[in-house]
Amino acid sequence: MVENRPFLALLRHLVLILGVALLALPVWLAFVASTQDGGEMLSGQFSLLPSGHLIENYTAVLFQGLASAGVPPVERMIFNSLTMALAISVGKIAISILSAFAIVYFRFPLRKTIFWMIFLTLMLPVEVRIVPTFQVVSDLGLLNSTAGLTLPLIASATATFLFRQFFLSVPPELAEAARMDGAGPMRFFTDILLPLSRTNIAALFVILFIYGWNQYIWPFVATTDESHYTVVMGIQRMVAVPDSEPIWNVVMATAILGMLPPVLVVLAMQRLFVKGLVDSEK
Amino acid sequence: MATVHLDALFKRYANGVPAVNGVSLDVADGEFIVVVGPSGCGKSTLLRMIAGLETVTEGRVVIDGAEVNRREPGDRDIAMVFQNYALYPHMTVEGNMAYGLRNRRVPKAEIAERVRRAAEILELSELLQRRPSQLSGGQRQRVAMGRAIVREPKAFLFDEPLSNLDAKLRVQMRVEIKRLQRRLGTTAIYVTHDQVEAMTLADRLVVMNGGIAEQIGPPLELYDAPATTFVAGFLGAPAMNLLAAEWDGRFARLASGLALALPDLDRAPGPLTLGIRPEHLHFAADSRADATVELVEPLGADTLVHLRLGDAMVVARPTGTVGLASGDAVALDWPAAHIHLFDAEGRRILWTPSERETRSCLPVA
Ligand SMILES: Nc1ncnc2c1ncn2[C@@H]1O[C@H](COP(=O)(O)OP(=O)(O)O)[C@@H](O)[C@H]1O
Ligand SMILES: [Mg+2]
């Protein structure tokens, strides 16, 4: 880190540039593809420069979708994805911060057992428990609804664990001082713990939003109705058309649009996010 | 009026550790009580039971005549200053001080007025909008004090509030705390392991050891007449010289072979512990050789002379400087009025020698 030899500097930059290229090139290609018309891509000559059908392609996917593949307008799917991602991240944070609060600050029977049970569910992601989960959601009549789409994804051992670790690092005297100051448990939670967790919440929100946005298997299982399709599902449907070539420029335009909201969330929360990851200021 | 009355308090932690083993104490209104003792003796536990942060296993905590054992800390009307200050990091100085009042639904105008006054007393007026992280250690300490005084509580509780400050600031804040408590006239219970803080702050001192109060009384009374060898050894720096001796009816014979006449001591022969403070152990002018000088530490105002007395080491503390060097043989003078005697259990033996001022305890070879 402290060395300043030109050769090393060059090497460092080379590695970084390679990394950036590796990550950015596919995105660029997707963007290029999304600006071409249907024929250009199949012609076999793939240009690295955008073509002229940008507005035409994007308005088409945004407001019409791809009826031939049974895909609703992207605008509709983004709304669905957004609802799902927001519900998942907000729900996860709300539930896990409250469970962590209970586990760290209250003495109740089986506290340790409950903590370990929550911890054990870390080993059971959606994909593993998908069949029983489907059964439950279907029995509750929640298929094809936002609730059915989000509820099974909301319980979160990871976030509970992270908040628990954070709460354990808060000096216990703070809780005692608040008690002396006449603050009850919920007062302490809202007035002191919540503001102190601000950056942690922001960091988790970004991570969970992207997690929610990228959900694929569960929405695929839990929804059959087009009106509940999410962007990620929509792309899959566009690619998996029977008896014909996927219409790549449309698929790519959808993909680019589908990438935008998470990017915006990251950009908006960037400062808090980085602070939450690296800052230990209490 | 705010009195605190502790009635045979016991505390056993969930893991079975008996931290406080029956402490009774009556604190008068406006009194400054200091609880002092070595680390782990149960001082904090005692204070936290008074605060309500720790449940009471047995006994009663009575504040102003009302038992508060089952009352929440916030409902006991007492304020506590923590060792690490425990300021709310996301609140300004003003917010920190006002928080307890806001929770008690004190009218806004009154909160502002009380915070303003407290800030003025503690010279924090310029810092009201700062966060704790933007303050120095001493300033944080003041804010913690401010948070306690705006509440105008029945009593202040302090748990080693100065331990995180550097030596100079510690002296300064010590004086300030004492002055503030006098000015406000609020009952205070102050926990520390620092015996200088204890001696200087206390109206009455509680010396704790292993969960019990060994002795309670005004600091100088404890210094002059320690009830046990523990108190004798704990108060004063350097500590009182404590020497094992065998009482034969006329002389107390020390392990080194030295024998001290103890006039008027009416006691059956047996083992005892003899104590004398370094400042009371004088050098005699005669040419006997009772002890050998091991080390001389000149401190300016006085000198610490470490002496070997047979197997034991004793410290003398003559004022000014002395012309002694390691290896010198010296004769010691043991003024009877300043000799403390303790029995085999370490309890003080009442002894009033008739010849208080004379050098009556001449060592006999
Ligand atoms: N929460 C606790 N659980 C179990 N034992 C404790 C707890 N707090 C303190 N102790 C024990 O009780 C004894 C007294 O502790 P404490 O009151 O903190 O001593 P001090 O403040 O005098 O240093 C110590 O032996 C300590 O280890
Ligand atoms: Mg302590």
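Residues numbered from 1 in each chain as written. Chains lettered and ligands numbered in written order. Predicted model: local features only at pLDDT ≥ 70, side-chain atom pairs only at ≥ 80, totals over all residues. Heavy atoms only, no water.

To continue, consider the sheet that holds strand E19 (residues 329-330) of chain B. All names here are of chain B. On the basis of which strands lie adjacent, the open sheet formed by four strands has the order E18-E17-E16-E19 and antiparallel pairing. Only two strands of the sheet have a single partner each, and these edge strands are strand E18 (312-316) and E19. Relative to E18, strand E17 (residues 303-309) runs antiparallel, the two being bridged by five bridges. What sits directly across from histidine 306, in E18, is valine 315. (Pairing = 2+ DSSP bridges. Helix = DSSP H or I, 4+ residues; strand = E, 2+ residues; numbered from the N terminus.)

Now for the domain arrangement of chain B. Residue and element names in this part refer to chain B. We note that the domain assignment places domain 1 (4-229) and domain 2 (241-364) within chain B. Summarising the inter-unit geometry, the C-alpha centres of domain 1 and domain 2 are found 39 Å apart. With seven residues of domain 1 at the contact, the number on the domain 2 side is nine residues. Interface area for domain 1 against domain 2, summed over the two sides, is near 680 Å², with a carbon-plus-sulfur share of 54%. Of all residues in domain 1, Tyr223, Pro226 and Thr229 give up the largest surface area on contact with domain 2, accounting jointly for 70% of the area buried on that side. Across the domain 1-domain 2 interface, the total number found is zero salt bridges. Counting the contacts that link domain 1 with domain 2 gives five residue pairs in polar contact (both at pLDDT 80 or more). (Domains from an automatic or database assignment. Contact = heavy atoms within 4.5 Å. Buried area = accessible area lost by both parts, 1.4 Å probe. Salt bridge = Lys/Arg side-chain N within 4 Å of Asp/Glu carboxyl O. Polar contact = N/O pair within 3.5 Å; in protein donor to acceptor, adjacent residues only side chain to side chain.)

On to the pairing of strand E3 (residues 32-36) of chain B. Residue and element names in this part refer to chain B. Summarising burial for E3: five of the five residues are buried, a large majority. Of the two faces of E3, the one lined by Phe32, Val34 and Val36 and the one lined by Ile33 and Val35 are each fully buried. Of the strand pairs in this sheet, E3 and strand E8 (residues 187-192) are connected by five bridges, and their pairing is parallel. Along E8, the bridge assignment pairs valine 34 with tyrosine 190. (Buried < 20%, exposed > 50% of the residue type's maximum accessible area, 1.4 Å probe, protein only.)

Time to look at the interface of chain B and chain A. Residue-level contacts link 25 residues of chain B with 18 residues of chain A. Between chain B and chain A the total buried area reaches about 1800 Å² when both faces are included, carbon and sulfur atoms providing 55% of it. Our count for the contact surface shared by chain B and chain A stands at three salt bridges. Residue A:Asp181 pairs with B:Arg151 through a salt bridge whose shortest N-O separation is 3.6 Å. Our enumeration of links across chain B and chain A arrives at 14 residue pairs in polar contact (both at pLDDT 80 or more). For the side of chain B that touches chain A, the secondary structure elements donating two or more residues are helix H1 (43-51), strand E6 (78-81) and helix H2 (93-103) of chain B. Residue composition of the side of chain B that touches chain A, grouped by class: 13 nonpolar, seven polar and five charged. (Nonpolar A, V, L, I, M, F, W, Y, C, P; charged D, E, K, R; others polar.)

The computed volume of the largest pocket comes to approximately 1200 Å³. Lining the largest pocket are 35 residues, and of these A:Tyr105, A:Phe106, A:Arg107, A:Arg179 and B:Leu53 lie nearest its centre. Contributing elements (two or more residues each) for the lining of the largest pocket: helix H4 (74-105), helix H5 (111-120), helix H8 (157-169), helix H9 (172-180) and helix H10 (185-196) of chain A. In this structure, the second largest pocket occupies an estimated 500 Å³ of space. Surrounding the second largest pocket, 25 residues form its lining, A:Lys92, A:Ala155, A:Ser156, A:Ala157 and A:Thr158 being those nearest its centre. Among the elements of the structure, H4, helix H7 (146-154), H8 and helix H11 (198-213) of chain A are those that each provide at least two residues to the lining of the second largest pocket. Broken down by element, the lining of the second largest pocket gets its largest block of residues, five residues, from H8(A). Of the residues belonging to the lining of the second largest pocket, the class tally is 16 nonpolar, six polar and three charged. (1 Å grid on protein atoms, 1.4 Å probe; cavity = no way out; pocket = protein on both sides within 12 Å on 5 of 7 lines; lining within 4 Å. Points joined across faces, edges and corners; volume = space filled by probe spheres on them.)

With that out of the way, let us pick up the pattern of salt bridges. Residue and element names in this part refer to chain B. Taken as a whole and judged by the stated rule, the model has 21 salt bridges over all chains. The partner of glutamate 31 in a salt bridge is arginine 204, and the shortest N-O contact between them spans 2.6 Å. Of this pair, glutamate 31 sits in the loop between strand E2 (18-27) and E3 while arginine 204 sits in strand E9 (residues 204-209), placing them 173 residues apart in sequence. Put simply, Glu113, Arg116, Arg117 and Glu120 are held in one network by salt bridges that share partners.

So, on to the pairing of strand E1 (residues 4-12) of chain B. Regular strands show a simple pattern: their side chains alternate between the two faces of the sheet. All names here are of chain B. Sheet analysis places E1 next to E2, joined by seven bridges and oriented antiparallel. Its bridge partner being in E2, histidine 5 is matched across the sheet by aspartate 26. Counting the residues in the hairpin turn of E1 and E2 gives five residues, including glycine 16, whose phi is positive at 90°. Strand direction decides the pairing type here: E1 and strand E4 (residues 58-63), joined by five bridges, are antiparallel. For histidine 5, the partnering residue across the bridge sits in E4 and is valine 62.

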